[in-house]
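Residue-level structure breakdown
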Amino acid sequence: YVIQGNKYETAINVGAYDSKAHLEVEIGGSKYTSDDSGTVHYSVPCTSVGNKTITGKIYVKKDSGTEVYEFKDNYFVAEPVAIVSLTKMNVVYAGIENPASISVPGIDPRNITPSIEGTGVTLTKDPAGKDGDYIIKASKLGKFSIRVDAKADGKTSRTMGTKEFRVKKIPAPTLMLGKLKPGEPITKDELMANTLLRADMGDFDFKIPPLKITSFTFNVQGSNALDIQGTGNKLTPDMTNRIKNAKRGQKVYISEVRVQTPDGVNHQLSVTYRLK
């Protein structure tokens with residue numbers, strides 16, 4: 001497997017043969033003589049892509065005359081290509097660590113150098129990952145690109161490709177009481193058994209710190225009572241008493257909940273439950 005623009009290289013010799021004696025190799029009408037180790041080192045530039053075949057003959061001089069050995073080898077020439085894949089998503093989310101894997105087929109990851117084209121984005125090696133694993137962090141929305149350079153021959157660096165990404169906001173969380181999702185009628189007992197408010201990120205694939213809730217407003221529909229202001233994220237005894245005294249079909253309102261996601265965006269959340 002050879003990257004286009006590099007060289008196919010091979011060593012040609014004969015087993016069980018006196019390495020001090022010289023042999024000749026013919027490839028494509030050209031002849032080559034072995035070095036002091038009895039080996040012919042052959043190379044050819046790879047200018048076009050696809051499957052390639054090399055054929056030739058080895059001429060070995062013996063007391064009885066010259067013996068001929070035919071040989072054939074196959075190799076594949078591929079276009080320069082960089083593979084940049086985000087481990088979790090097809091976009092980058094601002095304010096958090098986005099794991100990424102960067103590779104070039106046929107090239108040692110240690111010979112690959114990725115770089116960011118754009119502003120507000122950093123790319124660092126993942127200290128907990130393997131070769132080719134990186135962390136992308138973005139501080140602003142928009143687009144950026146990752147350019148991948150590689151030393152295909154271990155010496156000369158070439159650009160293998162560039163891939164563009166979008167930076168998006170972290171999705172807004174959903175406000176929930178315990179594990180109770182809004183939308184379906186809930187019994188009084190279920191509500192009073194789930195008194196802790198939480199901002200749920202749903203199917204968001206990234207692990208982020210729990211979102212802190214410091215205050216909220218509570219009321220029950222038709223209770224003819226003022227709102228109750230709560231601190232922290234737990235329903236107070238006054239709130240649970242209102243739920244206990246509520247009637248079937250009444251709604252429980254929790255609102256004015258402000259949380260901040262790791263990208264620095266403030267969200268105002270609310271949730272409504274209907275009693276059955």
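Predicted, not measured: the structure shown is a model, and the values here were computed from it.

The secondary structure content of the protein amounts to two helices and 21 strands. Taking 2.2 N^0.38 as the reference for a compact globule, 276 residues should give roughly 19 Å; the C-alpha atoms of the protein span a radius of gyration of 34 Å, well beyond that estimate. In terms of overall dimensions, the protein has a C-alpha envelope of 115 × 35 × 30 Å along the principal axes. The burial tally for the protein puts 37% of its 276 residues in the buried class.

With that settled, the discussion passes to the packing of aromatic side chains. Considering all chains together, one arrives at six aromatic pairs under this definition. With a centroid separation of 5.6 Å and 75° between ring planes, the pair formed by Tyr32 and Tyr42 is classed as edge-to-face. Taken together, the residues Tyr32 in strand 4 (residues 30–33) and Tyr42 in strand 5 (residues 40–45) connect sequence positions ten residues apart. In this structure Tyr32 comes out as partly exposed when scored by relative accessible area, which is 29%. Ring-pair connections join several aromatic residues into one group, and the members of that group are Tyr93, Phe204 and Phe206. Stacked on the ring of Tyr59, the Lys or Arg Lys31 has its end atom at 5.5 Å from the ring centre.

Right, let's talk about the pairing of strand 19 (residues 228–231) for a bit. The alternating pattern of strand 19 places Ile228 and Gly230 on a buried face, while none of Gln229 and Thr231, on the opposite face, is buried. Two elements, strand 18 (residues 215–220) and strand 19, share four bridges in a ladder whose sense is antiparallel. Paired with Phe218 across the bridge in strand 19 is Ile228.

Turning to the nonpolar core, a few remarks are in order. Leu191, Phe218 and Ile254 are the most contacted members of the largest nonpolar core, which totals 34 residues. Mapped onto this core, the elements with two or more residues apiece are strand 16 (174–177), strand 17 (197–200), strand 18, helix 2 (237–245), strand 20 (251–260) and strand 21 (266–274). Here the element with the most residues in this core is strand 20; it accounts for four residues. Excluding residues that lie within four positions of it along the chain, Ile254 makes contacts with Leu175, Leu177, Leu197, Phe216, Thr217, Phe218, Leu235, Ser270 and Val271.

For the rest of this paragraph, the subject is the sheet that holds strand 4. Spatially, 1-7-6-3-4 is the arrangement adopted by the five strands of the open sheet, whose pairing is mixed. The open sheet has two edge strands, strand 1 (2–3) and strand 4, and neither has a second partner. Here strand 3 (residues 24–27) runs beside strand 4; their pairing, made up of four bridges, is antiparallel. From the neighbouring strand, Val25 faces strand 4, where its bridge partner is Tyr32.

In this section: the sheet that holds strand 19. Sheet strands pair by backbone hydrogen bonding; their relative direction is either parallel or antiparallel. Pairing is antiparallel across the open sheet formed by four strands, whose spatial order is 19-18-20-21. The sheet terminates laterally at strand 19 and strand 21, the two strands that pair on one side only. Adjacent strand axes in the sheet meet at a mean angle of 20° when their direction is disregarded. Across the face of the sheet, helix 2 comes into contact with strand 18, strand 19 and strand 20 while running at roughly 25° to strand 18.

Criteria and cut-off values
- Residues numbered from 1 in each chain as written.
- Predicted model: local features only at pLDDT ≥ 70, side-chain atom pairs only at ≥ 80, totals over all residues.
- Heavy atoms only, no water.
- Helix = DSSP H or I, 4+ residues; strand = E, 2+ residues; numbered from the N terminus.
- Rg over C-alpha atoms; globule rule 2.2 N^0.38 Å.
- Buried < 20%, exposed > 50% of the residue type's maximum accessible area, 1.4 Å probe, protein only.
- Phe/Tyr/Trp six-rings, centres within 6.5 Å; stacked < 30°, edge-to-face > 60°.
- Lys NZ or Arg CZ within 6 Å of the ring centre and 35° of its normal.
- Pairing = 2+ DSSP bridges.
- Core = buried A, V, L, I, M, F, W, Y, C linked by side-chain atoms within 4.5 Å.
- Contact = heavy atoms within 4.5 Å.
- Axes fitted to C-alpha atoms, helices over the stretch in contact; angles between N-to-C directions.

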